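# Descriptive structure summary
Below, each chain spelled out in residue letters.
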Amino acid sequence: MMSPLLATLVLSPATTAAAAAPAPASGDLAIRSIVVRPSDPVVGPSGSVRLVVDVVARGADRVSVVLEPGRAPADGDEPGEEPEPDVTPSPPSGDAVPVPSASQDPMVPPGGAVPGAVPVGVPAGVPLPGLGGLASAVVPRMTGASRDGRPVRRMSSGEWETWRFLPDKALSRWYPHGPWTVTATAVNARGERAVAHAGFNLRRETQIEGLKVAREGNSVRVTGTLLRVGPGGKVDYRPFAGQRVTIRFRPEGSSRWKTVGEAVTREDGWFNAKVRADGEGSWRAEYAGTPRYAAETSAQREA
């Protein structure tokens, strides 16, 4: 089973208040980037994933962030995709304080952030204001605002600051899966605003179970079942129909996998592929995933 990784991904702003204007002069209000960790969150039948969102901005007295289902809008548009009618819990929320960038933050190990970590400069055990507040009772959203506008610690450049958001509630299978939009708003002392958007996909786990490989003369038959996490809650996994599964083969003594066939899952998630046998070796099935469901690679079988 593939699990989500705490990897840092810098997502370039899709929309900014000065997108059509010349590059801002030094010190002008601007948002340079939005960083989401993990960059590709995957939720299983139980447990949850905590997000860390860093907004790199300059000239800002206040920064706020909203995360909501749907794709990042084009210029002048609102988020354009309605969430699936999944059952949703109370939405997460959280506050942000300026902290060093992830690459300079000693609290963040290489490859990602520690879920639930306290920002640099905030003593352990001191709660941040606003954690636990609700943004909406209908559409799940995660929101935050600057603590008090005063940086806890500035970056070494003295110009760009990283504002970190640590929502106290985590994403789980009960939230809409698929595209989500991160909207960051920075405001300066004159009331000017800069807005940027970024996006990520919240995916549910998939599984390939019961993989079997059987020789039939000069051919090999590969069968198995593709499952996916469903939102209903009655069972952890349900059959995933109509999905393309790739059959891969690695000849004995080789380190390279090659594609030798494919199959489409039936209504019960079962797939069946008969491919030509090219000597002995290892076999496996792979599912490429979608924006809503995670990729998966089966255990390998020898034949």
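Note that this is a predicted model, so its numbers are computed, not measured.

With that settled, the discussion passes to the overall build of the protein. Helix and strand counts for the protein stand at zero helices and 19 strands. Relative to its 303 residues, the protein shows a buried fraction of 46%. For the protein, the proportion of contacts with a sequence separation of at least 24, taken over those separated by at least 6, is 71%.

With that settled, the discussion passes to the pairing of strand β8 (residues 161-165). Most of β8 sits inside the fold, with five of its five residues counted as buried. Across the two faces of β8 the burial is the same, with Glu 161, Trp 163 and Phe 165 and Thr 162 and Arg 164 all buried.

Across nine bridges, the pairing between strand β11 (residues 206-216) and strand β12 (residues 219-229) is antiparallel. From the neighbouring strand, Thr 206 faces β12, where its bridge partner is Arg 228. Counting the residues that bridge the hairpin from β11 to β12 gives two residues, and of these Gly 217 lies at a positive phi of roughly 70 degrees.

Let us now look at the pattern of salt bridges. Throughout the structure, instances matching the rule amount to 13 salt bridges. Of the charged contacts in the structure, one is a salt bridge between Arg 173 and Asp 236, with a shortest N-O distance of 4.0 Å. Taken together, the residues span a long stretch of sequence, with Arg 173 in the loop between β8 and β9 (178-187) and Asp 236 in the loop between β12 and β13 (237-239) at a distance of 63 residues. Close ionic contact of Lys 274 with Glu 216 constitutes a salt bridge, the shortest N to O distance being 3.7 Å. With a gap of 58 residues between them, Lys 274 in strand β16 (residues 270-276) and Glu 216 in strand β11 connect regions that are remote in the sequence.

On to the side chain of Ser 172. Inspection of the secondary structure assignment puts Ser 172 in the loop between β8 and β9. On the basis of relative accessible area, Ser 172 is assigned to the buried category, the value being 11%. With near-sequence residues (within four places) excluded, Ser 172 lies in contact with Val 43, Gly 47, Ser 48 and Leu 202.

Parts of the model with low pLDDT should not have their predicted coordinates read in detail. Looking at the protein, pLDDT values average 72 and 63% of them are 70 or higher. Per-element mean pLDDT across the protein ranges from 33 in strand β1 (residues 9-11) up to 98 in strand β18 (residues 296-297). Counting interchain partners and residues more than four positions distant, the pLDDT-below-50 stretch residues 1-23 has 60 contacts. This stretch, residues 78-141, has a pLDDT under 50; its non-local contacts, to residues over four places away or in other chains, come to 162 contacts.

When you line up the elements, Ser 46 lands in the loop between β3 (42-43) and β4 (52-58). Considered as a pair, Ser 46 and Asp 236 are 190 residues apart in the sequence and their alpha carbons are 8.2 Å apart.

Turning next to the side chain of His 197. Tracing the backbone shows His 197 in strand β10 (residues 193-204). The exposure class assigned to His 197 is buried, which follows from its relative accessible area of 9%. Within the structure, the side chain of His 197 is placed 2.9 Å from the side chain of Thr 183, a separation counted as a polar contact.

Along the polypeptide, Phe 249 turns up in strand β14 (residues 244-251). Expressed as a C-alpha distance, the spacing of Phe 249 and Ser 282, which sit 33 residues apart in the sequence, is 5.8 Å. Filtering out sequence-adjacent residues up to four positions away, Phe 249 remains in contact with Arg 256, Trp 257, Lys 258, Val 260, Asp 278, Gly 279, Glu 280, Gly 281, Ser 282 and Trp 283.

Cut-offs and rules
- Residues numbered from 1 in each chain as written.
- Predicted model: local features only at pLDDT ≥ 70, side-chain atom pairs only at ≥ 80, totals over all residues.
- Heavy atoms only, no water.
- Helix = DSSP H or I, 4+ residues; strand = E, 2+ residues; numbered from the N terminus.
- Buried < 20%, exposed > 50% of the residue type's maximum accessible area, 1.4 Å probe, protein only.
- Contact = heavy atoms within 4.5 Å.
- Pairing = 2+ DSSP bridges.
- Salt bridge = Lys/Arg side-chain N within 4 Å of Asp/Glu carboxyl O.
- pLDDT = per-residue confidence, 0-100.
- Polar contact = N/O pair within 3.5 Å; in protein donor to acceptor, adjacent residues only side chain to side chain.

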